[in-house]
Amino acid sequence: MNEKVLDIWPEIKWIKDESLREKVLNCWVYAIENSPLTPEDLKVIPFSLLIKDCKISFMNHKRTAVQLSVEIANLMKKNFGDEIKINMDYLIAGAILIDVGKLIEYDKIDGKLTTSNAGKLLRHPFGGVAIAARFELPYEVQHIIAYHAKEGDDAKRSIEAIIVHHADFVSFEPFKT
Ligand SMILES: [Fe+2]
């Protein structure tokens, strides 16, 4: 399964710290093993069940958000210099993990995708933090997962969480109907 996850998530290799890279990989392996979805499914299913006729796949949307996060962070570092401190490993790990909790939000009934009971009761930022805590991801990364969506709007987000939140939303909102 490690190879399959690295195949859908080549950005995991962008994480420089070996132990962090391993933990991120373990979270995704665990989530897929506990989900009705396969790595192949993630390449084809629409990234949102709430958008009618959505043609953008889950992986396309998620990888775009990670790639955008890195581009934004690099530009901010270049232009703002020492005025801004961004931990790139935390940023990339967090961006890769923000939607790992979605794997348990889905159910497959008679081959059709629906929202699972877990998905109805617990939105994916909570499920994602639970998975990240299980594999002892640093709190800085759990913070990015916890506050990446609307749940974090009233919180004080870290710089890494601010970047990931916006990168995620710009790769989502244009498709909202
Ligand atoms: Fe999300």
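Remember, predicted model here, so these are calculated numbers, not experimental data.

Engineer: Explain the overall build of the protein to me, and be specific about the residues and the numbers.
Structural biologist: A count of helices and strands for the protein gives nine helices and two strands. Sequence-ordered secondary structure for the protein, helices as α and strands as β, is α-α-α-α-α-β-β-α-α-α-α. Taking 16 Å as the expected radius of gyration for a compact globule of 177 residues, we find that the protein reaches 16 Å, a close match to that expectation. When its C-alpha atoms are laid out on the principal axes, the protein stretches across 55 × 35 × 30 Å.

Engineer: Quick rundown of the pattern of salt bridges? Include the residues and the values.
Structural biologist: With the rule as written, the count across this model stands at nine salt bridges. Salt-bridge contacts for Asp 7 lead to Lys 43; the nearest nitrogen and oxygen are separated by 3.6 Å. On the criterion of sequence distance, the pair formed by Asp 7 in helix α1 (residues 2–8) and Lys 43 in helix α3 (residues 39–44) is long-range, its members being 36 residues apart. Among the residues examined, Lys 43 registers a relative accessible area of 43% and is labelled partly exposed. We note a salt bridge from Asp 153 to Arg 157, for which the minimum N-O separation is 2.9 Å. Asp 153 sits in the partly exposed class, given a relative accessible area of 47%. One network of salt bridges, with partners in common, ties together Lys 62, Asp 99, Lys 102 and Asp 168.

Engineer: Tell me what's going on with the coordination of the iron ion, and back it up with residues and numbers.
Structural biologist: Here the iron ion is held by Asp 99 (OD), His 124 (NE2) and His 148 (NE2), and the distances to it run 2.1 to 2.2 Å. Sequence positions of the residues that donate to the iron ion give the spacing D-x24-H-x23-H. One end of the pair, Asp 99, is in the loop between α5 (88–97) and β1 (106–109); the other, His 124, is in helix α7 (residues 124–134), with 25 residues separating them in the sequence. This pair shows no difference in class: Asp 99 is buried, exactly as His 124 is.

Engineer: Just give me the short version of the environment of Pro 138, but keep the residues and values in it.
Structural biologist: The topology assignment puts Pro 138 in the loop between α7 and α8 (139–146). Leaving out residues up to four positions away in the same chain, Pro 138 has contacts with Leu 20 and Tyr 90.

Engineer: Now, about the pairing of β1: what can you tell me, with residues and values included?
Structural biologist: Alignment of β1 against strand β2 (residues 112–115), held across four bridges, turns out to be antiparallel. Its bridge partner being in β2, Tyr 106 is matched across the sheet by Thr 115. Here β1 folds back onto β2, and the loop between the two strands holds two residues, one of which, Asp 110, carries a positive phi near 50°.

Engineer: Pulling in residues and values, what's your account of the nonpolar core?
Structural biologist: In this structure, Trp 9, Trp 28, Leu 42, Ile 96 and Leu 97 are the most contacted members of the largest nonpolar core, which totals 45 residues. Going through the elements one at a time, α1, α2 (18–33), α4 (58–80), α5, α7, α8 and α9 (159–170) are the ones with two or more residues in this core. Among the elements that line this core, the one with the most residues is α2, at eight residues.

Engineer: Requested: an account of unusual backbone geometry, with residues and values cited.
Structural biologist: Positive phi outside glycine occurs at Asp 110, with the angle close to 50°. For Glu 136, which is not glycine, the phi dihedral falls at a positive 55°. We classify Glu 136 as exposed; its relative accessible area is 59%.

Engineer: Go over the packing of aromatic side chains with me, naming the residues and quoting the values.
Structural biologist: Counted by the stated rule, this structure contains six aromatic pairs. Residues Phe 169 and Phe 172 carry aromatic rings whose centres are separated by 5.9 Å and whose planes lie at 85° to one another, so their mutual orientation is edge-to-face. One aromatic cluster is present, formed by Phe 47, Phe 169, Phe 172 and Phe 175 through successive ring pairs.

Engineer: Can you lay out α4 for me, pointing to particular residues and giving the numbers?
Structural biologist: The end-to-end C-alpha distance of α4 is 33 Å, a good match for the 33 Å that 23 residues give at a rise of 1.5 Å each. Against α1, α2, α3, α5, β1 and α9 lie the buried residues of α4.

Cut-offs and rules
Residues numbered from 1 in each chain as written. Predicted model: local features only at pLDDT ≥ 70, side-chain atom pairs only at ≥ 80, totals over all residues. Heavy atoms only, no water. Helix = DSSP H or I, 4+ residues; strand = E, 2+ residues; numbered from the N terminus. Rg over C-alpha atoms; globule rule 2.2 N^0.38 Å. Salt bridge = Lys/Arg side-chain N within 4 Å of Asp/Glu carboxyl O. Buried < 20%, exposed > 50% of the residue type's maximum accessible area, 1.4 Å probe, protein only. Donors = N, O, S within 2.8 Å, 3.2 Å for Na, K, Ca; no water. Contact = heavy atoms within 4.5 Å. Pairing = 2+ DSSP bridges. Core = buried A, V, L, I, M, F, W, Y, C linked by side-chain atoms within 4.5 Å. Phe/Tyr/Trp six-rings, centres within 6.5 Å; stacked < 30°, edge-to-face > 60°. Expected span 1.5 Å × (residues − 1).

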